[in-house]
Amino acid sequence: MPEQPQHLIDWKYWGDEEVEQILALARFVKHHRWEYQGHMQGRTLVMLFQKTSTRTRVSFEAGMTELGGHAINLDWRATNFTLSKIAFETRYLSRNAALIMARLKDNADLLEMEQAASVPIINGCCNLYHPCQALADMLTIAEHRSDTRGARLTYIGVYNNVVNSLVSICAPLEVNLTLVCPIRDQDVIDEQSRERLLAKGLLTETLDAKAAVADADYVYTDTWLDMEFFNDPTHAAEKQERCDIMLPYQLNRELLGDSRAMIMHDMPIHHGYEIAEDLVESPNSIIYDQAENRLDAQKAILLHLLHEQH
Ligand code: CP
C-alpha cells in the first residue's frame, strides 16, 4: 500500500517536536537558500484559490521557483471544482502534482480534499486556520530574539483563524500569548487548542489592552472583518458594528504609550481600522519581515512534506 501523505491543516495536528523541527528548518533554509535550489526539481505545486491573495500566492510560487520546481495557480472559479465533487477533482490533481496548497473558504471542504488526496495538502488559510502565517510569525520572532521560548506576544483584535493557528503554534514553541479579543465568534474558536495553551500556563485573556501592551515584546493585530467581506456592501452593517466595538482597540500610538513592543500584522493592512498608518512604517514595525518570512517558512513546509529537508 502507498504511504499516506502528511498534510498541514493546522499545527494542532502535528507533534510538538515536529513543529520545533520545522521552525528550525525554516531558519536554516533562510540562511542557506541556495543549498536547497534543486530540491523541488521536476515537482509541481498546485495552488488553488477560492479567495483573493497577494502574499500566499507570491511566496508559494517564488518558493517553488527558488527550489527548482514549478507552481500552477488555479482560481477556483475557473476550474471544474465548480462543477464536480471536491474528492474527484482532488484525486485527479494528486496524479499530476506533488503537492497541493489550497485557500478554501470552508475548513470542511479542505478536510474533504485531505481525505481524497494522495499528495500533501497545505492549508493556505481557511475560515478556521492560517498555519503558514503562524509559522512565518514564529520565524520572525525567533530571528528577532534568537528563541521563541519566553517571548511575550499580545494579539489585539477579533478571535479569528489567525488566532487559532497562533494559539496552536505557541504551545510547542512556548510563547506567552495574551489575547485581547472583544469579538469572539464561538463558531470559529478552536477550544481544544485554547484549552491546551491555557493548561500550559501560556495563555492570558483580557480586555485591558493598555496593560497587555505594556507587558508585551510583540503586539500583533489583524483585520476586524474577513477580507472577503471587507468591501462587500452586503456586509456593511456587520462591518460598522465590528468597527464600533473594535475602534477603541485600534493599534495606535496612544494605545502603545511607552511600550517598546515590536509591531506585527499579517497583511493586508486596513489602515485606519485595526492599525494606524504611521505604525506600519515605524522603526518598531516588523510587519514586512513577517511577510517576507512567508517564503522561507513555506519552503520549509514544502521540503518537510516531501521529505527533502536534508
Ligand atoms: N497574510 C496573507 O495570507 O496574505 P494574503 O491574503 O495576501 O495571501
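Refer to the structure presented above.
Reading the values: the criteria
- Residues numbered from 1 in each chain as written.
- Predicted model: local features only at pLDDT ≥ 70, side-chain atom pairs only at ≥ 80, totals over all residues.
- Heavy atoms only, no water.
- Pairing = 2+ DSSP bridges.
- Helix = DSSP H or I, 4+ residues; strand = E, 2+ residues; numbered from the N terminus.
- Axes fitted to C-alpha atoms, helices over the stretch in contact; angles between N-to-C directions.
- Contact = heavy atoms within 4.5 Å.
- Buried < 20%, exposed > 50% of the residue type's maximum accessible area, 1.4 Å probe, protein only.
- Arc of directions from axis to C-beta.
- Polar contact = N/O pair within 3.5 Å; in protein donor to acceptor, adjacent residues only side chain to side chain.
- Near = heavy atom within 4 Å.
- Areas by Shrake-Rupley, 256 points an atom, 1.4 Å probe, with all protein chains shown as cover.
- Nonpolar A, V, L, I, M, F, W, Y, C, P; charged D, E, K, R; others polar.
- Left-handed = near helix turned anticlockwise from the far one by under 90°.
- Expected span 1.5 Å × (residues − 1).

Novice: Is there a simple way to think about the sheet that holds strand S2 (residues 70–75) in this case?
Specialist: Sheets are built from strands that pair by backbone hydrogen bonding, the pairs being arranged parallel or antiparallel. Here four strands make up an open sheet; going across it, the order is S2-S1-S3-S4 and the pairing parallel. Strands at the two margins of the open sheet, each flanked by one partner only, are S2 and strand S4 (121–123). In this sheet, adjacent strand axes meet at a mean angle of 20 degrees when their direction is disregarded. Across six bridges, the pairing between strand S1 (residues 44–49) and S2 is parallel. Across the sheet, Met-47 pairs through a bridge with Asn-73, a residue of S2. Those strands touched by helix H12 (residues 287–305) are S1, strand S3 (99–103) and S4, and its axis lies near 155 degrees from that of S4.

Novice: It is not clear to me how helix H7 (residues 191–199) should be interpreted in this structure. Could you clarify?
Specialist: Side chains that are three or four residues apart share a direction in an α-helix, a result of its 3.6 residues per turn. Regarding H7, the residues found buried are Ser-193, Arg-194 and Leu-197. One face of H7 carries all of its buried residues, which in axial projection span an arc of 100 degrees. Seen from the open side of H7, the exposed residues pointing more than 90 degrees away from its buried face are Gln-192 and Ala-199. Where H7 starts, the residue carrying a side-chain oxygen 3.1 Å from the main-chain nitrogen of Gln-192 turns out to be Asp-190. Gly-201, located one to two residues past H7, shows a positive phi value of around 75 degrees.

Novice: Would you take a moment to explain the site of the ligand for this structure?
Specialist: Taken together, Ser-53, Thr-54, Arg-55, Thr-56, Arg-103, His-130, Gln-133, Met-227, Asp-266, Met-267 and Arg-294 are the residues near the ligand. With respect to the ligand, the backbone of Arg-55 contributes an N or O atom lying 2.9 Å from an oxygen atom. One of the side-chain nitrogen or oxygen atoms of Gln-133 is found 3.1 Å away from a nitrogen atom of the ligand. Here the ligand, which alone exposes 250 Å², has 97% of that area covered by the protein. Here the shell around the ligand is built from residues that sort into two nonpolar, five polar and four charged.

Novice: Could you clarify how one ought to interpret the side chain of Lys-51 in this entry?
Specialist: Secondary-structure assignment places Lys-51 in the loop between S1 and helix H2 (55–66). Polar contacts involving the side chain of Lys-51 include one to the side chain of Asp-226, which spans 3.1 Å. Setting aside its immediate chain neighbours within four residues, Lys-51 contacts Arg-103, Lys-105, Asp-226, Met-227 and Glu-228.

Novice: Explain the packing of helix H6 (residues 161–173) against H7 to me, please; I cannot follow it from the model alone.
Specialist: Packing of H6 against H7 leaves a shortest axis separation of 9 Å and a crossing angle of 35 degrees. Note on packing geometry: the crossing formed by H6 with H7 is left-handed. Of H7, the residues touching H6 (which contributes Val-167, Ser-168, Cys-170, Ala-171 and Pro-172) are Ser-193, Arg-194, Arg-196 and Leu-197. Class assignment of the residues belonging to the contact of H6 with H7 gives a composition of five nonpolar, two polar and two charged.

Novice: What should I look at first to understand helix H1 (residues 16–31) in this one?
Specialist: In a regular helix each residue adds 1.5 Å, so 16 residues correspond to 22 Å; H1 covers 23 Å between its end C-alpha atoms and thus fits that length. Listed as buried for H1 are Val-19, Ile-22, Leu-23, Leu-25, Ala-26, Val-29 and Lys-30. Buried residues in H1, looked at end-on, bunch into an arc of 160 degrees, giving them a common side. Exposed side of H1, more than 90 degrees from the buried face: Glu-17 and His-31 are the residues found there. Contacts made by the buried residues of H1 are with helix H5 (131–145), H6 and H12.

Novice: Looking at this structure, I do not really get the sheet that holds strand S5 (residues 152–156). What am I missing?
Specialist: If you walk across this open sheet you meet the five strands as S7-S6-S5-S8-S9, and the pairing is parallel. Two strands lie at the open edges of the sheet, namely strand S7 (203–205) and strand S9 (262–265), each paired on one side alone. Strand-to-strand twist across the sheet, computed as the mean angle between neighbouring axes with direction ignored, equals 20 degrees. Across five bridges, S5 lies against strand S6 (residues 176–180) in parallel orientation. Across the sheet, the residue bridging to Tyr-155 is Leu-179, located in S6. Of the strands in this sheet, S5, strand S8 (218–221) and S9 touch H5, which is tilted by about 160 degrees from S8.

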